[in-house]
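# An overview of the molecular structure
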Amino acid sequence: MSLDTPLRPALPIVEAHEPTPRRVRHRLLAAVIGGYLLTALLTVPVADLAPLHGWIALHLLLLGAATNAVLVFSRHFAQALLHARADSERAANLRLGVLNAGVVAVLLGVSLPAVPLLATGGTLVVGAVLAHVAALVRMQRAAVLKGKLGVVVGFYVAAGIALAVGGVLGALLGAGYGAPDVHTAVYLAHVHLNLLGWIGLTVVGTCFMLWPAVLRTRMADDAPLVARRVLVLMSAAVAATALGFLLRLQVVAVVGLAAAVAAVLWSFVPAVRIARAKPPRTSSALHLAAASGWLLTALVVDLVVTAQGLDGALRAAGTLVPVLALGFVAQVLVAALTFLVPVLLGGGPVGNRRLTALLESGWTARLLVGNTGVLLLALPLPDPATGVGWALGTVGLGSFVPLLALALLRSRRPFEPATALAERPALVPPLALLTVVALLGLVGTGTWPAAPAAAVPGDAVVVQVALEEFAVVPAVVTVPEGAHLVLEVRNTGAVRHDLRLDGGRATPLLAAGESARLDVGVLTEDTTAWCTVGGHKQAGMTLQLVAGEPATETGDGHAHGHGPATEPSADEPAVAPAYDPVLAPAPGGRVHDVTLRVTEATLEVAPGVKQTMWTFGGTVPGPVLRGRVGDVFNVRLVNAGSLPHSIDFHASRISPDEVMRSIEPGEELVYSFRAENAGAWLYHCGTSPLLQHVAMGMYGAVVIDPPDLPAVDTELMLVQSDLYLGEDGGIPSMEPLEKGDYDLVGFNGRADQYARSPIRVGAGERVRIWVVDAGPSAPSAFHVVGTQFDTVWKEGAYVLRPGGGGAAQVLDLAPAQGGFVEMVLPEPGSYPMVSHRLADAARGATGVLVAK
């Protein structure tokens, strides 16, 4: 009898005489899936106590439980539907081993965080899924007598491709790839590829055969034709949706989502036709119906908000992802495992019925409670309702996990008589456990009534902090050492954020517009706080808390901080900048005599980090030289170091043979040149290995003013460089230099120095900032948060001048390039300045302009 004949589900049936090793393997695989579900469930009690709790729970469910289930069951379904021999059990087990090693590596890589571990884990996961896809394709090609629903295997192949692309995007998110707008685009594409592509395609395809199976009836006559057409439409929909979000093409994303809604509705047609003849009344059927309803609901909402703007999709993701995770994915797993575990492990009709009875214990109450919880999560309700929603979802859907564990245990021994089974209250232990977990979850999420928040101490420094996509504003808070610091944290972004201190205290996970108080306590040393949501820290959501400035009293008797707007203490040299950023005007006269002495020194390159450096004049960078077009510079270079050195002025046009030669320790030379062209020029040591000498600090800047350069209120000079640390502060090895694997990035020779000691300027005054990128390897994307550049001058020419109606946001410089930007800071406040290569900003390419 064919697998497509009436009353027989198109599923691999395991009879009582099946070899024991296969049943053992099925039991083990079900235990792995159940283990992921249980681990995700147990994160509820620590909802706002564990870093990345939401991300971890979501990926335990989707990447762990759901992905294992897809690899296990789609292989069996493909074998049954294609009437073909699958590849060896050994190969399948190897794929599952690689997959789970990758899942663990991804979870650890994001949690630690450790980008190499994350990249390794992502590679293993994608590799295992692609190997699974290849095995399915080989099975398709080898099949001779395909069943009518053999097209379902095409859904699995398309889903695997979506997961591979989505997994790569997920790894980029975890590594903090891209500026905030790029990060958002990658995030939305990643979410849609994984939920709509990997899980959605798999479930929609499987439902063509799962619906007849759970209803114990014949499939609809038009099911194969509908399946083929839905496969084409939904695959195109997933691709268009992901591409639209990734490229920020709203029309493409909307068309893709509309096609996805149409595909899902179309896929319902055969199921509705057979359900009219035999209505769903079992746990599997009704859980599957509810899951399908949540998928369609989420897609419609996603379509509506995306049609209003891509930012709407980002805001909606904070609600739709949990709804899809619980209402769709978790509920599909409950439906599928309730039906399949007895089939695979029951050992025959009697065992099948008894395992089914156990897994269906109290299913009506579980279905209603679980979906009520999902509904509360889906509706725009205040926090208490959201917390209750999580609790109900945990009790309703999570109670299946201990039932699954009981089923696995009972499948290992002969079944008790039916009367004994009926007398045993199988549902009591699971519901008792889940009730405890849910109550703990209410406490963890802050929904359970708690004691009033402690009052702010009278002597506390209170600072307002905003969480944006993807930044903390201000990025630096400087308060008196020994002051009691309290942060009033508000999420002004569109997605959920939190803020966690290095020591462990944290705010709850805040939805858009929500606020929380974070009592830092007495600040005696510098520390860091960050957003724990996956990838957000790497994207730039960090806050530096700096101890070390004098307190200021206000009329109410309280000491108040204002982030980095406070003055550093004059007697704290560790906080004061090592390099004065103010650029003096060009000196008078047309001939400039300069002496540069090469020395070796131990300098601070980051707070508390000292490193051996080779210098021009004892500082990194060396002294800034400034003049006008036509000025002559006579530079006397004295080598007071222990190695040969030289100097190369990019501001000169001269044969390098003599003036750029290397001189031995104790020697000197005179380098004379006429500045024939305006520019922000680099000078550096040119002795081999050039890479090492520049990396060790032997560089500086020459500013040759363009003709008729107007005066401004303040001029600053920033030389950006990538910094390499040697063991115990010694000379770094060449290997990281050659790979460009730098440890720090700084302005004027030190990471974060102008974040610790902000630069003072006047509000409403014109500021000009000259920037030279010394490299040796990292480019710069200089940006000032909160303002725009009305003037941009780069590599000898104006790119933008006032009056043209436009403005600029970044001065982009390759190593050895230079230029300047001008702006007016519109009002008093703290304006962070960064390299918008955010990985470099995280390494120290940050500072703050304080306007008063």
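All values reported here derive from a predicted model rather than from experimental measurement.

Cut-offs used in this document
Residues numbered from 1 in each chain as written. Predicted model: local features only at pLDDT ≥ 70, side-chain atom pairs only at ≥ 80, totals over all residues. Heavy atoms only, no water. Helix = DSSP H or I, 4+ residues; strand = E, 2+ residues; numbered from the N terminus. Buried < 20%, exposed > 50% of the residue type's maximum accessible area, 1.4 Å probe, protein only. Expected span 1.5 Å × (residues − 1). Salt bridge = Lys/Arg side-chain N within 4 Å of Asp/Glu carboxyl O. pLDDT = per-residue confidence, 0-100. Contact = heavy atoms within 4.5 Å. Polar contact = N/O pair within 3.5 Å; in protein donor to acceptor, adjacent residues only side chain to side chain. Phe/Tyr/Trp six-rings, centres within 6.5 Å; stacked < 30°, edge-to-face > 60°. Lys NZ or Arg CZ within 6 Å of the ring centre and 35° of its normal. Axes fitted to C-alpha atoms, helices over the stretch in contact; angles between N-to-C directions. Parallel < 35°, antiparallel > 145°, perpendicular 65-115°, else oblique. Nonpolar A, V, L, I, M, F, W, Y, C, P; charged D, E, K, R; others polar. Pairing = 2+ DSSP bridges. Core = buried A, V, L, I, M, F, W, Y, C linked by side-chain atoms within 4.5 Å. Patch = residues over 30% accessible without salt bridge, like charges linked within 9 Å, V, L, I, M, F, W, Y side chains within 5 Å. Areas by Shrake-Rupley, 256 points an atom, 1.4 Å probe, with all protein chains shown as cover.

### Observations regarding the overall build of the protein chain
The helix and strand tally for the protein chain stands at 21 helices and 27 strands. Sorting the 852 residues of the protein chain into buried and exposed places 56% on the buried side.

### Structural notes on the side chain of Gln 331
Secondary-structure assignment places Gln 331 in helix α10 (residues 310-345). Looking at Gln 331, the relative accessible area reads 0%, which means it is buried.

### Some points on helix α9 (residues 283-307)
Between its first and last C-alpha atoms α9 spans 36 Å; for 25 residues at 1.5 Å apiece the expected length is 36 Å, and the two agree. Backbone geometry just downstream of α9 places Gly 309 in the positive-phi region, at approximately 145°.

### Observations regarding the pattern of salt bridges
This structure, assessed with the given rule, holds 20 salt bridges. Of the charged contacts in the structure, one is a salt bridge between Arg 750 and Glu 604, with a shortest N-O distance of 3.1 Å. Of this pair, Arg 750 sits in the loop between β18 (744-747) and α20 (753-756) while Glu 604 sits in strand β9 (residues 591-606), and the two are 146 residues apart along the sequence. Note that Asp 840 is salt-bridged to Arg 843, the shortest N-O span being 3.5 Å.

### Quick word on the confidence of the model for the protein chain
Interpretation of this model should avoid reading the predicted coordinates in detail wherever pLDDT is low. Taken residue by residue, the protein chain gives an average pLDDT of 84. The fraction at 70 or more is 85%. Scored below 50 in pLDDT, residues 549-576 shows 66 contacts in the model against residues more than four places distant or in partner chains.

### Quick notes on the side chain of Glu 715
In this structure, Glu 715 sits in strand β17 (residues 714-723). A relative accessible area of 12% places Glu 715 in the buried class. At a separation of 3.0 Å, a polar atom in the side chain of Glu 715 contacts the side chain of Arg 626. At 2.8 Å, the side chain of Glu 715 and the side chain of Trp 770 are in polar contact. Apart from the residues within four sequence positions on either side, Glu 715 is in contact with Pro 581, Val 582, Leu 583, Arg 626, Leu 709, Arg 768 and Trp 770.

### Considering helix α4 (residues 115-142)
Its 28 residues give α4 an end-to-end C-alpha distance of 40 Å, which sits within 8% of 40 Å, the value for a rise of 1.5 Å per residue. Restricting attention to buried positions, one finds in α4 the residues Leu 118, Gly 121, Gly 122, Val 125, Val 126, Ala 128, Val 129, His 132, Val 133, Ala 135, Leu 136 and Met 139.

### Focus: the packing of aromatic side chains
Taken as a whole and assessed by the stated rule, the structure comprises 16 aromatic pairs. Relative to Phe 789, the ring of Phe 782 lies with its centre 6.3 Å away and its plane at 5°, an arrangement referred to as stacked. Take Phe 782 and Phe 789: they sit in the same class, and that class is buried. Three or more aromatic residues joined by ring pairs make a cluster, and in this case those are Phe 616, Phe 633, Phe 649, Tyr 671, Phe 673 and Tyr 683. Positioned over the ring face of Phe 820 is Arg 768, at 5.1 Å from the centre of the ring. Positioned over the ring face of Tyr 798 is Arg 801, at 3.8 Å from the centre of the ring.

### Notes on the packing of α9 against helix α12 (residues 363-378)
Axis separation between α9 and α12 bottoms out at 10 Å; the angle between their running directions is 10°. It follows that α9 is roughly parallel to α12 by the angle criterion. Between α9, through Ser 283, Leu 286, His 287, Ala 290 and Trp 294, and α12, the contact on the second element is made entirely by Trp 363, Leu 367, Asn 371, Val 374, Leu 375 and Ala 378. A per-class count over the contact of α9 with α12 returns 8 nonpolar, 3 polar and no charged.

### Focus on the pairing of strand β23 (residues 797-800)
Side-chain direction in a regular strand flips from residue to residue, so the side chains alternate between the two faces of the sheet. Here strand β22 (residues 791-794) runs beside β23; their pairing, made up of 3 bridges, is antiparallel. Bridging from a neighbouring strand, Trp 793 pairs with Tyr 798 of β23. Between the antiparallel neighbours β22 and β23 lie 2 residues, among them Glu 795 with a positive phi of about 50°.

### Remarks on the nonpolar core
The biggest cluster of nonpolar side chains holds 139 residues, and the ones touching the most others in it are Phe 73, Phe 208, Trp 211 and Phe 328. By residue number, the principal contributor to this core is α10, which donates 25 residues. Ignoring sequence-local partners within four residues, the contact set of Phe 208 consists of Leu 149, Val 152, Phe 155, Ala 223, Val 226, Ala 227, Val 230, Ser 267 and Pro 270.

### Considering the environment of His 287
Looking at the secondary structure, you find His 287 in helix α9. Taking the relative accessible area as the measure of exposure, His 287 reaches 0% and is therefore buried. Polar side-chain contacts of His 287 include one of 3.2 Å to the side chain of Gln 331.

### Let's talk about the packing of helix α5 (residues 152-174) against helix α7 (residues 223-246)
Between α5 and α7, the least distance of the axes is 10 Å, while the angle of their chain directions is 10°. The orientation of α5 with respect to α7, classified from their angle, is roughly parallel. Across from Gly 154, Phe 155, Ala 158, Ala 162 and Leu 169 in α5, the residues of α7 making contact are Ala 227, Val 230, Leu 231, Ser 235, Val 238 and Leu 246. Split by residue class, the contact of α5 with α7 holds 9 nonpolar, 2 polar and no charged.

### Quick look at the sheet that holds β9
Through backbone hydrogen bonds, the strands of a sheet pair up, either in parallel or in antiparallel fashion. Spatial strand order, β10-β9-β12-β14: 4 strands in an open sheet with mixed pairing. Only two strands of the sheet have a single neighbouring strand rather than two, namely β10 (609-616) and β14 (668-674). Averaged over all pairs of adjacent strands, the angle between strand axes in this sheet comes to 25°, irrespective of strand direction. Sheet topology note: the β9/β10 ladder contains 8 bridges and is antiparallel. Note that in β10 the partner of Ala 601 across the bridge is Met 613.

### Some words on the sheet that holds strand β8 (residues 542-547)
Taken in spatial order, the 4 strands line up as β3-β8-β7-β5 in an open sheet, and their pairing is mixed. At either margin of the open sheet sits one strand with a lone partner, and together these are β3 (476-479) and β5 (500-501). Of the strand pairs in this sheet, β5 and strand β7 (residues 527-530) are connected by 2 bridges, and their pairing is antiparallel. Bridged to Arg 500 within β7 is Trp 530.

### Let's talk about the pairing of β14
Residues Leu 669, Tyr 671 and Phe 673 line the buried face of β14, whereas the alternating positions Glu 668, Val 670, Ser 672 and Arg 674 sit on a face that is not buried. Where strand β12 (residues 632-639) and β14 come together, 7 bridges link them in antiparallel fashion. Each residue of the ladder has a partner; that of Val 635, found in β14, is Tyr 671.

### Focus on the environment of Ile 769
Position of Ile 769 among the secondary structure elements: in strand β20 (residues 766-775). Owing to a relative accessible area of 0%, Ile 769 belongs among the buried residues under this scheme. Taking the C-alpha atoms as reference points, Ile 769 and Val 792, separated by 23 residues in sequence, lie 9.9 Å from one another. The residues touching Ile 769, leaving out its near neighbours within four places in the chain, are Leu 716, Leu 718, Phe 782, Gly 819, Phe 820, Val 821, Met 823 and Leu 849.

### Section: a nonpolar patch on the surface
A contiguous nonpolar patch, built from Leu 243, Leu 246, Leu 247 and Leu 249 and spanning about 330 Å² of accessible area, is present on the exposed surface. By the secondary structure assignment, Leu 249 is in the loop between α7 and α8 (250-277). The exposure class of Leu 249 is partly exposed, given its relative accessible area of 39%.

### Observations regarding unusual backbone geometry
Here the bond from Ser 688 into Pro 689 is cis, since omega is -5°, no more than 30 degrees from zero. Summarising the element assignment, Pro 689 is placed in the loop between β15 (679-684) and α18 (690-695). Pro 776 follows Gly 775 through a cis peptide bond whose omega is 10°. Position of Pro 776 relative to the elements: it lies in the loop between β20 and β21 (780-784). The phi dihedral of Arg 248 falls on the positive side, at around 55°, and the residue is not glycine.

### Concerning the environment of Val 745
Mapped onto the secondary structure, Val 745 falls in strand β18. It is 5.7 Å that separates the C-alpha atoms of Val 745 and Leu 723, two residues lying 22 residues apart in sequence. Non-local contacts of Val 745, meaning those with residues more than four positions away in its chain, are made with Gln 720, Ser 721, Asp 722, Ala 751, Asp 840, Arg 843, Gly 844 and Ala 845.

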